[in-house]
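So you can see what is in the structure, the chains are spelled out below.
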Amino acid sequence: MIKVGPAGSGGLGNLKGVQKAAEVGLDCMEVEFTYGVRMNIKTAKAVGALAKKRGVILSVHAPYYINLASDEKEKYDASRIRILDSCEKAHAMGARNVVFHAGFYQKRTAGQTYNLIKKAVSGMQKSIARKGWQVTLCPETTGKPSQFGSLEELLRLRQQTGCGITVDFSHLYARQQGEIDYAKILTKLPKTFHAHFSGIEYGAKGERKHIRTTKTFFEPLARALIKRQANITIINESPKPYEDAIMMKKLIKKLEFEIR
Ligand SMILES: [Zn+2]
């Protein structure tokens with residue numbers, strides 16, 4: 001089953017956002033803590049209760065300012081706290097997957113960066129277990145070669161720590177300069193995972209920005225997902241989160257009918 005939903009509420013606020021997702025027939029929604037975790041537990045519980053009632057699966061995107069490989073202790077600590085705060089709210093909402101961009105290589109080698117991030121992820125997993133939060137850390141594949149988060153790095157991290165993974169297919173597309181074989185990527189992945197997609201503008205340094213998701217851009221991925229019988233939640237991160245998610249859902253239905 002391929003479940004589709006918007007990234008954020010498109011400015012409606014999370015309660016109305018969940019309501020709208022359900023009304024237009026979408027399956028999931030990602031709550032965005034882009035610039036900080038500013039939701040209290042009471043609101044988180046209310047959003048979670050509504051989502052449960054309306055059958056909308058929630059996930060959470062932790063703030064953007066995160067670098068678990070930073071050599072400045074303050075930045076590292078702040079990153080950790082931002083992710084754990086996101087986890088606390090995710091647990092209160094009944095959202096399982098917590099998405100974040102793990103960090104930057106800066107002056108370190110890829111190997112050193114990997115080890116630092118692995119250590120940070122394992123440490124956070126211990127805190128999560130102690131608190132009894134029912135959440136999974138899902139670091140995301142990133143869109144710039146200067147950012148930690150290639151598919152290979154995240155698959156290795158998943159294997160070694162038991163964390164989850166967020167596969168942002170448009171980031172992989174930008175990272176690989178548009179050279180992408182979705183079917184091949186899917187064979188490396190488990191059948192169940194969390195995903196992102198949208199149109200994307202990129203240059204030599206990778207991702208520039210997310211743009212509208214078009215049918216022609218989504219179709220190759222949709223076909224590969226259907227053939228693989230992937231069991232995923234896929235969040236549309238375009239500037240029109242609902243409209244484009246609805247398009248994606250419709251296209252999947254149409255192609256499923258054709259392919260099966
Ligand atoms: Zn993404």
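What counts, and at which threshold
Residues numbered from 1 in each chain as written. Predicted model: local features only at pLDDT ≥ 70, side-chain atom pairs only at ≥ 80, totals over all residues. Pairing = 2+ DSSP bridges. Helix = DSSP H or I, 4+ residues; strand = E, 2+ residues; numbered from the N terminus. Axes fitted to C-alpha atoms, helices over the stretch in contact; angles between N-to-C directions. Contact = placed C-beta atoms within 7 Å. Buried ≥ 20, exposed ≤ 12 C-beta atoms within 10 Å, placed from the backbone. Right-handed = clockwise from strand over helix to strand, strands pointing away.

**Student:** I'd like to hear about the sheet that holds strand S6 (residues 166-168), residue by residue, with values.
**Tutor:** Strand order in this open sheet of four strands is S1-S10-S7-S6, and the pairing throughout is parallel. If you trace the sheet from one side to the other, it starts and ends with strand S1 (2-6) and S6, each paired once. For this sheet, the mean inter-axis angle between neighbouring strands, taken without regard to orientation, is 25°. Looking at chain direction, strand S7 (residues 192-197) and strand S10 (residues 231-236) are connected through six bridges and run parallel. Looking at the pairing, histidine 196 lines up with isoleucine 235 of S10. Sheet strands touched by helix H9 (residues 241-259): S1 and S10. Its angle to S1, the strand with the most contacts, is close to 165°.

**Student:** Can you tell me about the environment of glutamate 219, naming the residues and giving the values?
**Tutor:** Here glutamate 219 lies in helix H8 (residues 215-228). Note on glutamate 219: 15 C-beta atoms within 10 Å, which makes it partly exposed. As a C-alpha pair, glutamate 219 and leucine 251 span 32 residues in sequence and 7.5 Å in three-dimensional space.

**Student:** For the pairing of strand S3 (residues 57-61), give the residues involved together with the corresponding values.
**Tutor:** Note on strand geometry: in a regular strand, side chains alternate between the two faces of the sheet. Extensive coverage of S3 is indicated by the burial of five of its five residues. Where burial is concerned, the two faces of S3 agree: the one with Ile57, Ser59 and His61 and the one with Leu58 and Val60 are both buried. Sheet topology note: the strand S2 (residues 28-32)/S3 ladder contains five bridges and is parallel. Within S3, the residue paired with valine 31 across the bridge is valine 60. Where the polypeptide runs from S2 across helix H2 (residues 41-54) and back to S3, its parallel neighbour, the crossover connection is right-handed. Two strands pair when backbone bridges link them, and S3 and strand S4 (residues 97-100) are joined in this way by two bridges, in the parallel orientation. Following the sheet pairing, histidine 61 is matched in S4 by valine 99. Once the chain exits S3 it traverses helix H3 (residues 73-93) before rejoining the sheet at S4, and the crossover so formed is right-handed.

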